[in-house]
Amino acid sequence: MLRNFLKTAFRNLWKHKLFTFINIFGLASGMLVCMLAMIDIKGAFDYDTFHPHADRTYRILTDVTTTNNDKQGFATSPLPLAETIKRQYAFVDRATRVIRNYSDFTANRKQLPVVYSAVDPDFFTLFGFQLAKGQAAIAPRTAVLTPKTAARFFGTANPIGKRIDHPELGALTIAGILAEPPAKTHLNFDVLISTATLSGSDWNQLRTNWKQYTQGYTYISLKPGTPADALTSVLPTLAAQVTKGLHFANEKGYTFRSQPLATLSPSREELMLGTYEPSLGKLETEMIVGLLTLLLASFNYINLTLARSLSRAREVGIRKVAGALRWQLMGQFMAESAILSMLGLGLAYGMLQLVKPMPFVQQWLIGGVQWEQDVRVWIVFIIFSLITGMLAGLLPARVLSGFQPAQVLRSQTGLRVLRGISLRKSLIVVQFSISLIAMIALLGMARQQHFMGTTNYGFQRDNVLIVPLNGADPVRLTTEINQLAGVEKLTATSDLFGENGGRWEMIRRQRATGDLARAHIYATDANRIQVAGLTVLAGQNMPVSMGDSASRFVLINEEAVRAFQLKEPGAAVGQTLWLNDSTEVQIAGVLKDFHFSTMARKIEPLVLRYEPNTFRYLNVKIGGGKPEETRATIAQIWKRLNPYEPFAGVWYDDFLRNRHNHTDDISFMGLLIGFALSIACLGLLGMVTYTTQLRTKEVGIRKVMGARIDQVIWLLSWDFLKLLLIAGAIALPIGYLATSFFLMSFAYHISVGVGMLGACFGTMLLLGGLTIGWRTYRTALTNPTDSLRSE
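Fair warning: this is a prediction, and the values are worked out from it, not measured in the lab. (Residues numbered from 1 in each chain as written. Predicted model: local features only at pLDDT ≥ 70, side-chain atom pairs only at ≥ 80, totals over all residues. Heavy atoms only, no water.)

**Description of the overall build of the chain**
Regarding its fold elements, the chain presents 25 helices and 24 strands. With the C-alpha coordinates aligned to their principal axes, the bounding extent of the chain is approximately 100 × 75 × 55 Å. Going through the 791 residues of the chain one by one, you find that 51% of them count as buried. Looking at the chain alone, contacts between residues at least 24 apart form 80% of all its contacts between residues at least 6 apart. For the chain, the accessible surface area stands at approximately 36600 Å², while carbon and sulfur atoms represent 57% of it. Here the chain carries 79 positive and 57 negative side-chain charges, and the mean point of each set is 11 Å from the other. (Helix = DSSP H or I, 4+ residues; strand = E, 2+ residues; numbered from the N terminus. Buried < 20%, exposed > 50% of the residue type's maximum accessible area, 1.4 Å probe, protein only. Contact = heavy atoms within 4.5 Å. Areas by Shrake-Rupley, 256 points an atom, 1.4 Å probe, with all protein chains shown as cover. Lys, Arg positive; Asp, Glu negative; His and termini not counted. Charge placed at Lys NZ, Arg CZ, Asp CG, Glu CD.)

Spelled out as structure tokens, the structure:
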């Protein structure tokens, strides 16, 4: 029986090659997106599976209650917690703190940004990070590097025993190199240092401060055989014990709870200061997008199968007359859909190999996930594809197997869901509506990114060259570059305008008062005003002096004047500010507001200060008519002064465009929308093809009666064009609202206008119209004698 089902199914699919191709391509496109989502889901559940005893390892969370009785969970906890819980409770086996930070490190004449974590000795036994060489960072002033970080600083050379410098921690000795972990981890770091390295009054205060719960993460492992309830029951008591007598500024208090390491990824809740595990919402969104694409393909299968219901009804009638039962007929149709789904799975795997190298796919979906050699993954893929085929074929199978021989003579080929609209037409409308909504959203995202990369930020960006210092001597490099004829001005800075903003600092007008405001701090020199073309509204530029006295004078923007309540720019000049309650500075001048950060944020308080020890970039303003020649000369100077470090100079215009135009992301999303449109157009092509085949004799009669080709094309096309117009009427307002809602997340954004909506609708109408017109034109050209020759 099964063999007969399969043989008949193959013959039927081969007979109708166009419909078979449309269905296989559609199913493969949907399965591709679902496969990517399933691989990412597998990777999410594989997080941190390589750690020993993950089943008895926990992260301690802090649940904070504010003065408004709002509750918020923090992934962090007070730094004294690890030592206290290990000392007080015998069932605790190991405990470690992870204190995460971000800063520049210098090694091998290179200065690079690094994510580093300070960890306790138990870290290297509690977690399963293996050392490729050397030993763990347990001793004071030692560090361990990841393989990628070691390659960034030292290339292929052995870094063990060499030093790596931090501006605050000083010189550290590289004790070991970690091996690549076998799976992804929520602990993201480039360098590990020993907590024994940390010193000073600030650290001594933090390590005993129970009021500060945002500085680090606490992990513990229980002794074998200890039930999880033993930890859960003591944490509220411990929290009450350590917070007794504490007075918080904005909180009523907090309590602790445990989070099993084995259930940490995917994240089921949104925690403040969370780590790097994927969220459950992200995985659900990916799967919904995949299922939606697959649903469009299933619509095609249902559409085309029901469209051919008249010819299949004759087949059903003959089989029933011959004695076939309904379940046998359903089995025949389900076998066809199962074969299509398996062929779609094979094509989807081939398409996956093509998109796998895309940066977006590697970074956000399947990068680092071991799946191709995992038999369980393939079993899931096969079962999923079979279920997909069965579900897609269920409705047509039930409808077609239910035909009675008498129905064949009535030519009942449509199922009514609304007056005048058949089920098949409804599915076409849904397909094109979803595709148009996605197209509008993608175009809105692309236009917003283009706007952020090309708009006027309020500072000079033309013919300005960015030269990352990467540990090079800025004084010597500046001296050499300033001698070039094409260089107009040069400035050094810690951060770049138009990126993420400088470092945050808390600033007071008076050291003893409580008036506090937060501002972005940029380290730069007096040339910054001329190179960036900034406008000084009041006062004057900061001093040109290279001495420490220049650091006492700062420039602020208009927003800082408002934030510090300095009334107006002229009154702000000469006023003093306190940085972090320890450094007094004087306002030398006030700058006109400009966009120094990304367009996603509103303009915020800004402070420019001379701090040469934090300079990371040179901005070189180049004049004359040959900027590329000047850039090449600067590259030669760089190579002479820094022969071991490649020149990374980039034009400011290119930097801003590349910073905000996420081409890889847009390309991948464009690919998904291309799949959706292709599925919809192919489904429409199949429907038009079958409908025109049924009306071939009608076309012949009309042409014999004198109808022109354009009249025939319009006659055959109008019913399908109406479906596209209905899809546009549904999708345009939904796409407008969805895109507008997305753009509201940016402080400065484009508007969704008639032109943008019209372009998307016109594209859909053009593609759909070409699909309809091509097929109807071929039918209209048919010779009437050929179509009328036989019944």
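From this point on, the discussion continues.
**So, the sheet that holds strand S15 (residues 487-493)**
The sheet built from four strands is open, its strands ordered S15-S23-S14-S24 with antiparallel pairing. With partners counted over all chains shown, the strands left at the sheet margins are S15 and strand S24 (650-651), one partner each. Judged from the six bridges that link them, S15 and strand S23 (residues 617-622) form a sheet pairing that is antiparallel. Paired with Ala492 across the bridge in S23 is Leu618. Against the sheet, helix H15 (residues 474-482) makes contact with strand S14 (464-468), S15 and S23, and its axis sits at roughly 165° relative to S15, the strand it touches most. (Pairing = 2+ DSSP bridges. Axes fitted to C-alpha atoms, helices over the stretch in contact; angles between N-to-C directions.)

**Remarks on the pairing of strand S9 (residues 191-194)**
Burial of the side chains of S9 extends over both faces: Val191 and Ile193 are buried on one face and Leu192 and Ser194 on the other. Pairing analysis gives four bridges linking strand S4 (residues 110-119) to S9, with the strands arranged parallel. By the bridge assignment for S9, Ala118 is matched with Ile193.

**Let's talk about the nonpolar core**
Soluble globular proteins: nonpolar side chains tend toward being buried together. With 51 residues, the main nonpolar core has Phe459, Val467, Leu477, Phe497, Val620, Ile634 and Tyr652 as its most contacted residues. Ranked by residue count, the leading element in this core is helix H19 (residues 627-641), at five residues. Core analysis: the next-biggest nonpolar cluster, separate from the first, contains 47 residues, Leu340, Val369, Leu672 and Ala676 among them. (Core = buried A, V, L, I, M, F, W, Y, C linked by side-chain atoms within 4.5 Å.)

**Some points on the packing of helix H2 (residues 17-45) against helix H10 (residues 326-355)**
At a closest axis distance of 7 Å, the pairing of H2 and H10 adopts a crossing angle of 55°. Accordingly, the angle class assigned to the pair H2 and H10 is oblique. Helix-helix and strand crossings are classified by hand; for H2 and H10 the assignment is right-handed. Touching Thr20, Asn23, Ile24, Phe25, Leu27, Ala28, Ser29, Met31, Leu32, Met35, Leu36 and Ile39 of H2 are Leu340, Ser341, Leu343, Gly344, Leu345, Leu347, Ala348, Tyr349, Met351, Leu352 and Val355, all from H10. A class-by-class count of the residues in the contact of H2 with H10 yields 18 nonpolar, five polar and no charged. (Parallel < 35°, antiparallel > 145°, perpendicular 65-115°, else oblique. Left-handed = near helix turned anticlockwise from the far one by under 90°. Nonpolar A, V, L, I, M, F, W, Y, C, P; charged D, E, K, R; others polar.)

**Considerations on the packing of aromatic side chains**
A complete count under the given rule lists 33 aromatic pairs for this structure. On the numbers, 6.4 Å between centres and 75° between planes, the contact of Phe123 with Phe189 is edge-to-face. With Phe123 in helix H4 (residues 123-126) and Phe189 in the loop between strand S8 (170-178) and S9, this residue pair connects regions lying 66 residues apart in the sequence. Classification of Phe189 by relative accessible area gives buried; the value is 10%. The rings of Tyr457, Phe459, Phe497, Tyr522, Phe594, Phe596, Tyr652 and Phe655 are connected pair by pair, giving a single aromatic cluster. Sitting over the ring of Phe497, Arg528 keeps its end group 4.0 Å from the ring centre. Sitting above the plane of the Phe553 ring, Arg552 keeps its charged end 5.5 Å from the centroid. (Phe/Tyr/Trp six-rings, centres within 6.5 Å; stacked < 30°, edge-to-face > 60°. Lys NZ or Arg CZ within 6 Å of the ring centre and 35° of its normal.)

**Digging into the pairing of S14**
In regular strands, side chains alternate between the two faces of the sheet. Across the five residues that make up S14, a large majority, five, are buried. Taking every second residue as pointing to the same face, both faces of S14 are buried, with Val464, Ile466 and Pro468 on one and Leu465 and Val467 on the other. Of the pairings in the sheet, the one linking S14 to S23 comprises five bridges and is antiparallel in character. By the bridge assignment for S23, Val467 is matched with Leu618. With two bridges connecting them, S14 and S24 associate as antiparallel partners. When the bridges of S24 are listed, Leu465 appears paired with Trp651.

**Considering the side chain of Ser265**
For Ser265, the location among the structural elements is in the loop between strand S11 (251-260) and helix H8 (280-307). A relative accessible area of 6% places Ser265 in the buried class. A distance of 2.6 Å separates the side chain of Ser265 from the backbone oxygen of Ala44, its partner in a polar contact. If sequence neighbours within four positions are ignored, Ser265 has contacts with Ala44, Phe45, Tyr47, Glu277 and Pro278. (Polar contact = N/O pair within 3.5 Å; in protein donor to acceptor, adjacent residues only side chain to side chain.)

Take it as geometry only, folks, not as evidence of what the structure does.
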